[in-house]
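Chain residues, written in single-letter form:
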Amino acid sequence: MAVCVVAPKEVASGEKRVALVPEVVGRLAKAGNRVCIETGAGEDAGFTDAEFTAAGAQIIGTPKELYGSADLVLKVQPPTAAESKLMREGTVVIALMNASRNLDLVAAMRDRNLTAFALELVPRITRAQSMDALSSQATAAGYKAVLIGAGLSPRFLPMLTTAAGTIRPAKVLILGAGVAGLMAIATARRLGGMVEGYDVRRAAGEQVRSLGAKFLELQINAEGAGGYARELTPEEKALESKMVSDAVSQADLVITTAAIPGRKAPVLVTKETVGRMKPGSVLIDLAAETGGNCELTKAGKTIQVNDVTIVGPLNLPSQTAYHASQMYSKNLQAFLGLLVTPDGKLVTDYSDEILAASLLVTAGAVRHKPTADLLAAGK
Ligand code: NAD
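What this report covers is the structure whose coordinates are included nearby. Only a predicted model underlies this, so the values are computations on that prediction, with no experimental measurement involved.

### So, the nonpolar core
In terms of nonpolar packing, the biggest core is built from 63 residues, with Leu20, Leu72, Ile94, Phe335 and Leu339 touching the most fellow members. Ranked by the residues each element gives to this core, the list is headed by helix H11 (residues 321-339), at seven residues. Contact partners of Leu339, with chain neighbours within four places excluded, come to Leu72, Val92, Ile94, Phe117, Lys345, Leu346, Val347, Tyr350 and Leu355. With 27 residues, the next largest nonpolar core counts Leu173, Leu216, Ala229 and Ile310 among its residues.

### Details of the site of the ligand
Surveying the vicinity of the ligand reveals 22 residues, the closest of which are Arg124, Val179, Asp199, Arg201 and Glu240. Within the backbone of Val179, an N or O atom sits 2.7 Å from an oxygen atom of the ligand. At 2.6 Å from an oxygen atom of the ligand is found a side-chain nitrogen or oxygen belonging to Asp199. For the ligand, whose unbound accessible area comes to 830 Å², protein coverage reaches 82%. Looking at the shell around the ligand residue by residue, the class counts come to 11 nonpolar, six polar and five charged.

### Quick look at the packing of helix H6 (residues 133-152) against helix H7 (residues 179-190)
One way to put it is that H6 packs onto H7 with a least axis distance of 7 Å and a crossing angle of 40°. Classified by the angle their axes make, H6 and H7 are oblique. Viewed along their axes, H6 and H7 form a crossing whose handedness is right-handed. Taken together, the residues of H7 that come into contact with H6 (itself represented by Ser135, Ala138, Thr139, Gly142, Tyr143, Val146 and Leu147) are Val179, Ala180, Met183, Ala184, Thr187 and Ala188.

### Some thoughts on the sheet that holds strand S4 (residues 72-74)
Strand order in this open sheet of eight strands is S3-S2-S1-S4-S5-S6-S16-S17, and the pairing throughout is mixed. Two strands bound the open sheet, and with one partner strand each, they are strand S3 (58-60) and strand S17 (365-366). Two strands pair when backbone bridges link them, and strand S16 (residues 359-362) and S17 are joined in this way by two bridges, in the antiparallel orientation. Each bridged residue has a counterpart across the sheet, and for Thr362 the counterpart in S17 is Ala365.

### As for the pattern of salt bridges
All chains considered together, the criterion is met by 22 salt bridges. Among the ionic pairs, Asp132 bridges to Arg124, the shortest N-O distance being 3.1 Å. When its relative accessible area of 40% is taken as the criterion, Arg124 is described as partly exposed. Notably, a salt bridge pairs Arg230 with Glu236, separated by 3.1 Å at the nearest N-O pair. With a relative accessible area of 30%, Arg230 lands in the partly exposed category. In this structure Glu236 comes out as buried when scored by relative accessible area, which is 12%. Counted as one network, the salt bridges with shared partners bring together Glu10, Lys75 and Glu83.

### Topic: the packing of aromatic side chains
Applying the stated criterion to the full structure yields four aromatic pairs. Note on Phe47 and Phe52: the rings are 6.5 Å apart at their centroids and 50° apart in plane angle, and the pair reads as tilted. Taking the relative accessible area as the measure of exposure, Phe47 reaches 4% and is therefore buried. Where Phe47 meets Tyr322, the ring centres are 4.5 Å apart and the plane angle is 15°; that geometry is what we call stacked. In this pair, Phe47 sits in the loop between strand S2 (34-38) and helix H2 (49-54) while Tyr322 sits in helix H11, placing the two residues 275 residues apart along the sequence. In this structure Tyr322 comes out as partly exposed when scored by relative accessible area, which is 37%. In this structure an aromatic cluster arises from ring pairing among Phe47, Phe52 and Tyr322.

Calculation rules
Residues numbered from 1 in each chain as written. Predicted model: local features only at pLDDT ≥ 70, side-chain atom pairs only at ≥ 80, totals over all residues. Heavy atoms only, no water. Core = buried A, V, L, I, M, F, W, Y, C linked by side-chain atoms within 4.5 Å. Buried < 20%, exposed > 50% of the residue type's maximum accessible area, 1.4 Å probe, protein only. Helix = DSSP H or I, 4+ residues; strand = E, 2+ residues; numbered from the N terminus. Contact = heavy atoms within 4.5 Å. Near = heavy atom within 4 Å. Polar contact = N/O pair within 3.5 Å; in protein donor to acceptor, adjacent residues only side chain to side chain. Areas by Shrake-Rupley, 256 points an atom, 1.4 Å probe, with all protein chains shown as cover. Nonpolar A, V, L, I, M, F, W, Y, C, P; charged D, E, K, R; others polar. Axes fitted to C-alpha atoms, helices over the stretch in contact; angles between N-to-C directions. Parallel < 35°, antiparallel > 145°, perpendicular 65-115°, else oblique. Left-handed = near helix turned anticlockwise from the far one by under 90°. Pairing = 2+ DSSP bridges. Salt bridge = Lys/Arg side-chain N within 4 Å of Asp/Glu carboxyl O. Phe/Tyr/Trp six-rings, centres within 6.5 Å; stacked < 30°, edge-to-face > 60°.

What follows is the structure, given as structure tokens:
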């Protein structure tokens, strides 16, 4: 019997992405799966029902009917408690679950006896690169952040030599050179800005320089477990604070992307540093959702402090919904390669390293230990 794979219209406020795009629907349908898409699921991202139908999907009018027929539910955002209730027991659901911040939704999936995989828990090993939704969505965020910043800046980014005089290039500073930061550097360079990048991981220096940007060197290397950054010591923080403050005070556009997994974002730009920023300068804080890299950031808001604009965007990938959905959908397609056998059966043995790491809930139990601990502690 074919596996029934469904993708609903996302219900979270402001979410424009969709988990499946027509190209991936075509591949899943060709492999013998039944694919169902909710009416209008892709319209905010630029994919029409007609395109989904042409790719081999069936369009379903109501969430009740859609979820009722599903073996496998593909989502961007975690299912709401109401959505979980519409799914049959044993349904497998895959999404970016952001479990520590959605404990009630995790409990709802557990109580409904669903099997849930959290795509953000996929380990960053070579074999899983094509499934790395954190990277694909961070790419979208880094790109969009620069465009928003360029749009808000009263300056051109490139150097221009015109009959009306020569324009000096804008100084763009990117703090945090992970996936989003490197994409922001590449985008700002393409727009002609004079770009500097900074990260606490020394290995990031080579990547920053390879994109044609200058790397701000601090004589520390805070690379921790799994290639991620570790928290800095108080002495290191003082060194960082001085260097970052000087660099921020000279920039026209600052994009901050610094993150430490499982922790509040590090503060890199203090209130005092904002006070040193140039009039008309812009700061886009990609860490707004996890507390912000700038002390003054207000999540989801654009504020003006003196003559500086500070933006704390939420869900930036949704603002490039077409390509963010396309990349996310391909991540899911790769993940399904582990979960659906070539003869069309759902895998029930989750011992594969990637499945085991990303398994959040199954058979009435929370399997991801940090999340189980948080639930047990009633947090
Ligand atoms: P992230 O979103 O966790 O953090 C963003 C960046 O912030 C990181 O580069 C981090 O070093 C930096 N940072 C943290 N504290 C900082 C501070 N105080 N000052 C300045 N910068 C600070 O990172 P990410 O984009 O998810 O990438 C994290 C790591 O994972 C990187 O080493 C990246 O190369 C690696 N990675 C590996 C794979 C793979 O192998 N498949 C895929 C993607 C990323």
